[in-house]
Amino acid sequence: MLALTRKTDYALIALSYLVEQQTQGDNPVSAKRIAETFGLPLPLLMNILKELVQAKILTSTRGPRGGYSLATKPAQLSLLEVITALEGPIRLTQCADRLPVLGQGCELSANCPIRGTVRSLHQRINQFLAEMTLQDLYEDKMEPAGVTGSSDKVAGRGCTCRNESESPYTEPRQTA
């Protein structure tokens, strides 16, 4: 199953909040404030924020008015950059990359009937995440469920988002 790790989930929550605070002119923001706002474990969040500073996604300011700020404009930061900074490159399978890692190739690759499809899926996911920016994530958060606007950008790329009231485990409701 493909899923964001808790680490990436917390990072995206924190980054979205930093975009919001930056928009309101409130910079920098402390890790403690982010953790308290969303009920995140402070020690884990602090480690995540440090990794984002090392990746030059965030800047850190020390002192009583210190905290974290975005190092770049939200529209210039892709979700792929964030995920890669925290988790490393995305690889759906061992054969997803064109050049398999030495000694880690798949023994089925010579006769695999799905290799091309898996590579295509891998490329599409990476492309989607490279095109989706932190600004897109923030703008989508700002729209009420069921309203189209900036999420048209996402929908135009093939995303079939469901209404928040629908379970991800059921089929979308049919409308007349």
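Residues numbered from 1 in each chain as written. Predicted model: local features only at pLDDT ≥ 70, side-chain atom pairs only at ≥ 80, totals over all residues. Heavy atoms only, no water.

A.B. asks: Explain the side chain of Asn126 to me, please; I cannot follow it from the model alone.
C.D. replies: Along the polypeptide, Asn126 turns up in helix 5 (residues 115–131). Under the relative-accessibility criterion, Asn126 is labelled buried at 16%. Leaving out residues up to four positions away in the same chain, Asn126 has contacts with Leu80 and Ile90. (Helix = DSSP H or I, 4+ residues; strand = E, 2+ residues; numbered from the N terminus. Buried < 20%, exposed > 50% of the residue type's maximum accessible area, 1.4 Å probe, protein only. Contact = heavy atoms within 4.5 Å.)

A.B. asks: Would you explain the pairing of strand 2 (residues 67–70) in this entry?
C.D. replies: Within a regular strand, side chains alternate between the sheet's two faces. As defined by bridge partners, strand 1 (residues 58–61) adjoins strand 2 across 4 bridges and the pair is classed as antiparallel. Of the residues in strand 2, the one forming a bridge with Leu58 is Leu70. (Pairing = 2+ DSSP bridges.)

A.B. asks: Looking at this structure, I do not really get the nonpolar core. What am I missing?
C.D. replies: Leu15, Leu18, Ile34, Leu49, Leu52, Leu58 and Val82 are the most contacted members of the largest nonpolar core, which totals 32 residues. Counting only elements with at least two residues in this core, the list comes to helix 1 (6–23), helix 2 (31–38), helix 3 (42–54), strand 2, helix 4 (79–87) and helix 6 (134–142). Tallying contributions element by element places helix 1 first for this core, with 8 residues. Setting aside its immediate chain neighbours within four residues, Ile34 contacts Ala14, Tyr17, Leu18, Val29, Leu40, Leu45 and Leu49. (Core = buried A, V, L, I, M, F, W, Y, C linked by side-chain atoms within 4.5 Å.)

A.B. asks: What is the right way to look at the pattern of salt bridges in this model?
C.D. replies: Oppositely charged side chains can form a pair if their charged atoms are brought close together. In the structure shown here, the tally under the stated rule is 2 salt bridges. Glu51 is the salt-bridge partner of Lys7, the closest N and O atoms lying 2.9 Å from each other. You can see Lys7 sitting in helix 1 and its partner Glu51 sitting in helix 3, a full 44 residues away along the chain. (Salt bridge = Lys/Arg side-chain N within 4 Å of Asp/Glu carboxyl O.)

A.B. asks: How should I be thinking about the packing of helix 4 against helix 5 in this particular structure?
C.D. replies: Any two packed helices are characterised by how steeply their axes cross, that is the angle between the axes, and by the distance between the axes. Packing of helix 4 against helix 5 brings their axes to within 5 Å, and their N-to-C directions diverge by 110 degrees. With respect to helix 5, the axis of helix 4 lies roughly perpendicular. Between helix 4, through Leu79, Leu80 and Ile83, and helix 5, the contact on the second element is made entirely by Asn126, Leu129 and Ala130. Across the contact of helix 4 with helix 5, the residue classes break down as 5 nonpolar, 1 polar and no charged. (Axes fitted to C-alpha atoms, helices over the stretch in contact; angles between N-to-C directions. Parallel < 35°, antiparallel > 145°, perpendicular 65-115°, else oblique. Nonpolar A, V, L, I, M, F, W, Y, C, P; charged D, E, K, R; others polar.)

A.B. asks: What is the right way to read unusual backbone geometry from this model?
C.D. replies: Negative phi values dominate among residues other than glycine, just as trans dominates among peptide bonds. The residue after Asn27, namely Pro28, is reached through a cis peptide bond having omega -15 degrees. Tracing the sequence through the fold places Pro28 in the loop between helix 1 and helix 2. Phi at Lys56 is positive, roughly 65 degrees, even though this residue is not glycine. Within the element layout of this structure, Lys56 appears in the loop between helix 3 and strand 1.

A.B. asks: I keep staring at the confidence of the model for the protein chain and nothing clicks. Help me out?
C.D. replies: Close inspection of predicted coordinates is inappropriate for parts of the model with low pLDDT. In the predicted model, the protein chain carries a mean pLDDT of 79, and the fraction of residues at 70 or more is 73%. The least confident element of the protein chain is helix 7 (residues 151–155), whose mean pLDDT is 41; the most confident is helix 3, at 97. Confidence drops under a pLDDT of 50 for residues 147–176, and excluding neighbours within four residues, the segment shows 26 contacts in the predicted structure. (pLDDT = per-residue confidence, 0-100.)

A.B. asks: Just to check I follow, could you spell out the environment of Lys7 for this structure?
C.D. replies: Its relative accessible area of 24% is what places Lys7 among the partly exposed residues. Sequence spacing of Lys7 and Ile48 is 41 residues, and the spatial spacing of their C-alpha atoms is 6.8 Å. With residues near it in sequence (within four places) discarded, Lys7 still touches Ile48, Glu51, Leu86 and Glu87. At a separation of 2.9 Å, a polar atom in the side chain of Lys7 contacts the side chain of Glu51. (Polar contact = N/O pair within 3.5 Å; in protein donor to acceptor, adjacent residues only side chain to side chain.)

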